[in-house]
Amino acid sequence: MNLLSATNLSHSFDCELFSNVSLNLESKESIAIVGMSGSGKSTLLHILSTLLEPNRGTVSILEQDVYKLKTSKLASLKRNELGLVFQSHYLFKGFSAYENLEVAQILSKQKIDDNIIDKLNIKDNIEQKVTELSGGQQQRVSIARVLTKQPRLIFADEPTGNLDSKTAYEVMQLFFEYIEAKDAGMILATHDDKLANMCNKVYKLQNKELIQVK
Ligand SMILES: Nc1ncnc2c1ncn2[C@@H]1O[C@H](COP(=O)(O)OP(=O)(O)O)[C@@H](O)[C@H]1O
Ligand SMILES: [Mg+2]
């Protein structure tokens, strides 16, 4: 089943970042976007995940043209179907790790999955305030928060950037298990070719084009 279809995307800030970018994400599929720093990976991920309207082109998620949706429909699509794991963690800072998961649970009406807490190895920190956690622990809590929502599509921007390589590998495995179990899909931006190659497909942003390299 098609989860996302992007057609002929172009975007510029001061100068053109990329043009005619198209890609499709099917269920149970993971796509990595690689490219040098500044090539536009984060921008493309923002466009694909409904956060930034492109200068040209369309993004359809679950057959809905997202930049033509009414605000309320877009909000419910984001709340129910999309999971964003971005560099700024968007955790509620005054809350504990567990309270952050509870917020996700309430908003999405899903259950907190102890298996996710176990696998992300945050059990011992779950009652601590987010501000007391290390960058890597915060990153794992934000991944737990996103998976608690049970999204159909996961968008992740350098999701393992603060993690050591063993933990990064385990986190990636957790994403893949989740995608398989829930018929979900993931688009990941990373500068790490090894992590990228764990995904089904790899695209590279280079010379303002998106080229499939795997
Ligand atoms: N909101 C913005 N306004 C102006 N320029 C931006 C904005 N966001 C990103 N850029 C510029 O776009 C280019 C690509 O940035 P980004 O998408 O973050 O690349 P990457 O994630 O590959 O490092 C950079 O030159 C950056 O400065
Ligand atoms: Mg980036």
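Now for a look at the structure at hand.

Cut-offs used in this document
Residues numbered from 1 in each chain as written. Chains lettered and ligands numbered in written order. Predicted model: local features only at pLDDT ≥ 70, side-chain atom pairs only at ≥ 80, totals over all residues. Near = placed C-beta within 6 Å. Helix = DSSP H or I, 4+ residues; strand = E, 2+ residues; numbered from the N terminus. Nonpolar A, V, L, I, M, F, W, Y, C, P; charged D, E, K, R; others polar. Expected span 1.5 Å × (residues − 1). Buried ≥ 20, exposed ≤ 12 C-beta atoms within 10 Å, placed from the backbone. Arc of directions from axis to C-beta. Contact = placed C-beta atoms within 7 Å. Pairing = 2+ DSSP bridges. Axes fitted to C-alpha atoms, helices over the stretch in contact; angles between N-to-C directions.

Some details on the site of ligand 1
Near ligand 1 the following residues occur: Phe 13, Leu 17, Gly 35, Ser 37, Gly 38, Ser 39, Gly 40, Lys 41, Ser 42 and Thr 43. In terms of residues, the shell around ligand 1 owes the most to one element, helix H1 (residues 41-48), which gives 3 residues. Among the residues forming the shell around ligand 1, the class breakdown is 2 nonpolar, 7 polar and 1 charged.

Some thoughts on helix H3 (residues 97-108)
With 12 residues, H3 extends 17 Å from end C-alpha to end C-alpha; this agrees with the ideal 16 Å at 1.5 Å per step. Every buried residue belonging to H3 is among Ala 97, Asn 100, Leu 101 and Ala 104, and all of these are buried. Within H3, the buried residues cover an arc of 100° as seen down the axis, which keeps them to one side. In this structure, the buried side of H3 is in contact with helix H5 (135-148). Following H3 by one or two positions, Lys 109 adopts a phi angle in the positive range, close to 55°.

Structural notes on the sheet that holds strand E2 (residues 16-26)
Read from one edge to the other, the open sheet built from 4 strands follows the order E2-E1-E4-E5, with strand pairing classed as antiparallel. The open sheet is flanked by E2 and strand E5 (64-65), the only strands paired with a single partner. Bridge analysis of strand E1 (residues 2-12) against strand E4 (residues 56-61) gives 5 bridges, and the strand direction is antiparallel. For Leu 4, the partnering residue across the bridge sits in E4 and is Ile 61. Lying on the sheet, H1 is in contact with E1, E2 and E4; it crosses E1 at an angle near 130°.

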